[in-house]
Amino acid sequence: MKFFGNKCESCQLTRVEGLTPLGDATRNYDFIIALAGNPNTGKSTLFNALTGLQQHTGNWPGKTVARKEGGFKFGGKIYKIIDLPGTYSLMAHSEDEEITRNYLFFEKPDVTVIVADATRLERNLNLILQILAITDKAVLALNMIDEAEKKGIHIDERHLSRLLGIPVVKTNARMRFGLEALLQTIEQVATGKIKTRPLRLRFSSPELQRALKQIDKELKKILPGLKNREWIALRLLAGDKFIEESLRHPGRFYGIQTAPGIEDAVERLLQSVKRIRIENQDRFYDIITENIYETARRIIDETLITGKERIHSPLEVKLDRIITHKIYGFIIMFLMLGFVLWLTIKGANYPSQLLGDLLIGKIYPALKTLAGQMHLPGWLAGMLIDGVYLTTAWVVSVMLPPMAIFFPLFTLLEDFGFLSRIAFNLDKIYKKSGAHGKQALTMTMGFGCNAAAVVSTRIIDSPRERLLAIITNNFSLCNGRWPGQILLATIFIGAMVPEKWSGLAAMLAVTTIATLGIFMSFAGSWFLSKTLLRGEPSAFYLELPPYRIPQIRKTLYTSFIERTLIVLWRAIVFAAPAGLVIWLVANTHIGGESLAAYIVDFLDKPAAWLGLNGIILLAFIIGIPANEIIIPAVLMLTILLFDIDLTGVQKGMLTELSDTQSVKQILTAGGWTLLTAVNYMLLSLLHNPCSTTIYTIYKETKSIKWTAIATFFPLLIGIIILFLITVIYSLTAGAV
Amino acid sequence: MRRIGKYKINRENLLKKALKIQTEHKKFVPAGRSEKKLAERLVSEGLLRKENGGYRLTERGKTEAAAIIRKHRLYETYLAKRTGIDIKDWHRLAENREHHLDEATINKWEKELGFPLVDPHGDPIPDAGGQVEVIESILLNELKPRQATFYKIVHLEDEPEEIYNRLIDKGLYPGVIIRVIFNKDKWQLAFEGLEIEIPEEEARLISVKKVAVDPAYFNLIRLSSLKEGEKGKIIRLSDALFGLTRQRLLDLGFVRNAIVSVYLKAPLREPVAYDIKGSTVALRKEQADKILVIKL
Ligand SMILES: Nc1nc2c(ncn2[C@@H]2O[C@H](COP(=O)(O)OP(=O)(O)O)[C@@H](O)[C@H]2O)c(=O)[nH]1
Ligand SMILES: [Mg+2]
């Protein structure tokens, strides 16, 4: 596949001479620079290269939805750098654009680094020209230059620089090519060694010219010291309330001293702007954008050294034909999911065993012995070893390996550009469900982490469809839930077929559950858009990025390490305390019965209706903070309540402690059947989000009502489905 | 919801009707006994006054009528921009809600919506002071056979609802530019690459305004009708695209004179990915329908 991307993923990254990444330490900086640009142009990649941070990058537009800060040192100066969310424009009435616009316009970074995709320069120029209208000091990083050259797009950057009035540097942020030149240029612009004279917008439309002239004249009269008058006039014509408000307080926003009585003059001006807008049927946005694109076209004509440039490489066209094929398209999607799962199952098997052998087979008994020798009181030893240690050990041995394998694989698909094709393929179904096509993107994001996915729903403009995406996101099995699915599928369903097929059977079972989740995200959206969130789907547009060969090793390595650290950290934060709690409830006795036994007894009744047992329900409650501790909690509670001795000393029940068989023995001893396992898998798909996600939903929606709905809607569905399955099962099996 | 007396509703509808007739420089003559009775009552309230055989709104009456129109149009704008409720339902819902909405809610929405000037149909929204602009128009069925030229639909009467829905289904809504070809007592309309015939009862609902367009309009088709691999040049975005959607499409490069080509159709035939200005953007049919191009 040498047609596109970097054919050599093992190449050494270019070292950037003189650069010291400072991570997120950003105090005492000399200069502050902001990265702005269209989505998916490599801003975050550049940000990471400079700061050494690991801000997520992904090959689809909208990956970065929040602003991120970091720092680096270059040429003896310290820079604070801000990664702004990507936008297509600075003019639209949407929140993300407002943030970027106000930041660049009012807070004025020392240098604005505009990151552009060299392969899509014409479209990028729309934003570039708008940014130049409001900033004095800017540098253009003509990124993805490797891809551009491969596509036969050659740009005369000197001429481009002359036309735009700012320095232009060709870069390849991924391979860190050109970054040194970029940094030097930034430094020279920041210190004033290079003087920039940004191209200001020119408009050919007579009605716009007239309107601008009139407003400009009045602005000059009312607020003589005001800069960027033309831009302000443009904003007024577009009906920008923030700019209108800013004019009412020129002192606060522009630092201009004004004479009394200015308020009336400003009000009069605003009134006359409104009249102009009505006369032109409020179509200035069209006119302005058209004019900007005219300028962009001229610039392209002058700077593009035409060769045989093309938008899509032949290989990309071929791939797209297959991946979005009427029939193969969907098959490939499922094969892909199945393949990732299969790799996870196979890949996690060995490390799981190893970790289990070590942590539970060897260290656990050793700790027990040690506690005996040290004459620790029984309750203390129990609390620490049977509670805290064992739960943590289970999280690490059973949950960590699949999580640390699945996530990096998923990241690869994302980097490749596959996710946006999934959104493209699934959009029609989402449309029929009354939802937004980008929900496919947030849905797949949910396979990694629901909380992160809820934040990423910001890429959906329409509030109604965004809520749909938020509420149904929990139907995407998150990283914390995959391992439980895989484990149960392996020991209960994989075991029903001959050994050599068991991996495949388990994979199919988990794929089925995940597919059910995808189906639920359609069905749930459909249901909600007929009831609580009535409405028709709004507009949808999705930019399809080119395929990019992921930097396989780097991606796998960094996301593997990152995932492992996160899971380990969560193990300490969530699993250890949960272990303590579990041990305490299991060992606090009231009238001869342990507290856990009381709770479990109490929960057994409703649980039986759902084909589960009380322990599972209790574990789901304990697991609210983090889904990955549910399985360990089930195991712990089962052991404690059924008095199973793990060290095999007293009852000798368990021969092999480490592998999945021991888990199966524990569960079978706890009364688990195939029905229990299936219902567990379903409940794990269909229950309330974890507390982090719930909190995120609240932060994103700022509504208790919608947070509650998002919390209970999936749970309610889960309960109904489990109940139905249990009834049908008991009817067909003839017994309760 | 607060229960509203039938009287209030009738009264407000009458005021609206009177204003509409008056802005067309016609005389408002009540139709039927009950309307006449109501009109007399409004005269006594100082909202109407008698004038050579008909009625005219007083200044106060005008302000009050404009306030109701304001509610109606802001509510439709709200539905269009914020809820995604079907275009067919906007008017009906607004017809009902306009009598129930209070000033404070309306003002709040107006602010949230960024003080829109026109509603989704292109009708101006009166400001809080009650000023309303008028758009000159003529009913389609009143056009003379000689006037075979381009018209822009400025308004669709939404009653009877059944006929209104039929028109929407045919793709006729405010903002669409049509060419009218006469055919005895049928109206043959050419627009966006389609040619349809509509009967008198439908023509009666459509108000149009003459517009000057360039000859390219003769060959205008919808972007959605292009096949894979075909190319087009954008001539205009329909007025039915408004708000953020319109802004986004413009920003993505769907501006006048831009060249678009069809790159790829999704497995279920929708959405379609278009190459535009060096990038690839997927659109649903609803949006691609409203981007009007000539085939290259
Ligand atoms: N070939 C190539 N790919 C790049 C370059 N810079 C970034 N990328 C890739 O482009 C995609 C988008 O990058 P990202 O930094 O997330 O873009 P952002 O949305 O602007 O923050 C990722 O898959 C990157 O690996 C570059 O210079 N060349
Ligand atoms: Mg980013």
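What counts and what doesn't
Residues numbered from 1 in each chain as written. Chains lettered and ligands numbered in written order. Predicted model: local features only at pLDDT ≥ 70, side-chain atom pairs only at ≥ 80, totals over all residues. Heavy atoms only, no water. Core = buried A, V, L, I, M, F, W, Y, C linked by side-chain atoms within 4.5 Å. Buried < 20%, exposed > 50% of the residue type's maximum accessible area, 1.4 Å probe, protein only. Contact = heavy atoms within 4.5 Å. Buried area = accessible area lost by both parts, 1.4 Å probe. Salt bridge = Lys/Arg side-chain N within 4 Å of Asp/Glu carboxyl O. Helix = DSSP H or I, 4+ residues; strand = E, 2+ residues; numbered from the N terminus. Phe/Tyr/Trp six-rings, centres within 6.5 Å; stacked < 30°, edge-to-face > 60°. Lys NZ or Arg CZ within 6 Å of the ring centre and 35° of its normal. 1 Å grid on protein atoms, 1.4 Å probe; cavity = no way out; pocket = protein on both sides within 12 Å on 5 of 7 lines; lining within 4 Å. Points joined across faces, edges and corners; volume = space filled by probe spheres on them. Nonpolar A, V, L, I, M, F, W, Y, C, P; charged D, E, K, R; others polar.

**Q** Residues and numbers for the nonpolar core, please.
**A** Judged by nonpolar contacts, the single largest core of 130 residues is most densely connected at Trp394(A), Leu426(A), Trp482(A), Leu488(A), Leu667(A) and Trp672(A). In this structure, Met91(A), Leu140(A), Ile292(A) and Phe254(B) belong to the second largest nonpolar core, which totals 93 residues.

**Q** So what about the interface of chain A and chain B? Which residues, and what values?
**A** Across the contact, 59 residues belong to chain A and 49 residues belong to chain B. Roughly 4,900 Å² of surface becomes buried between chain A and chain B when both sides are summed, with 56% attributable to carbon and sulfur atoms. One can count nine salt bridges joining chain A with chain B. Notably, a salt bridge pairs Glu270(B) with Lys428(A), separated by 3.2 Å at the nearest N-O pair.

**Q** Break down the pattern of salt bridges for me, citing the residues and quoting the values.
**A** A complete count under the given rule lists 43 salt bridges over all chains for this structure. Between Arg256(B) and Glu290(A) there is a salt bridge; the shortest N-O distance is 2.9 Å. Residue Arg256(B) is found in the loop between helix H8 (243-251) and strand S11 (259-265), and its partner Glu290(A) is found in helix H12 (residues 284-303); the two belong to separate chains. When its relative accessible area of 45% is taken as the criterion, Arg256(B) is described as partly exposed. Under the relative-accessibility criterion, Glu290(A) is labelled buried at 14%. One connected set of salt bridges, linked through shared partners, spans Glu162(B), Arg166(B), Lys170(B), Glu201(B) and Glu202(B).

**Q** Before we move on, can you summarise the packing of aromatic side chains with the specific residues and values?
**A** Tallied over the entire structure, the rule returns 22 aromatic pairs over all chains. Consider the rings of Phe105(A) and Phe106(A), whose centres lie 4.9 Å apart with planes at 70°: the pair is edge-to-face. On the basis of relative accessible area, Phe105(A) is assigned to the buried category, the value being 5%. The class of Phe106(A) is partly exposed, set by a relative accessible area of 22%. Between Phe406(A) and Trp482(A), the ring centres sit 4.8 Å apart and the planes meet at 35°, which makes this aromatic pair tilted. In this pair, Phe406(A) is assigned in helix H15 (residues 378-416) and Trp482(A) in helix H20 (residues 482-493), connecting sequence segments 76 residues apart. Residue classification places Trp482(A) among the buried residues on the basis of a relative accessible area of 1%. Note that Arg421(A) overlies the ring of Tyr547(A), its terminal NZ or CZ placed 4.1 Å from the centroid. The ring of Tyr7(B) carries the charged tip of Arg41(B) above its face, separated from the ring centre by 3.9 Å.

**Q** Describe in detail empty space enclosed by the protein, supporting the description with residues and values.
**A** All names here are of chain A. Scanning the entire structure with this criterion turns up four cavities of 30 Å³ or more. As a volume, the largest cavity reaches approximately 210 Å³. What lines the largest cavity is a set of 16 residues, among which Met-333, Leu-337, Ile-422, Thr-444 and Phe-447 lie closest to the centre. Counting residues per element, the ones that place at least two in the lining of the largest cavity are helix H14 (328-373), H15, helix H16 (418-432) and helix H17 (439-448). Per-element accounting of the lining of the largest cavity gives the leading share, five residues, to H14. Across the lining of the largest cavity, the residue classes tally to 15 nonpolar, one polar and no charged.

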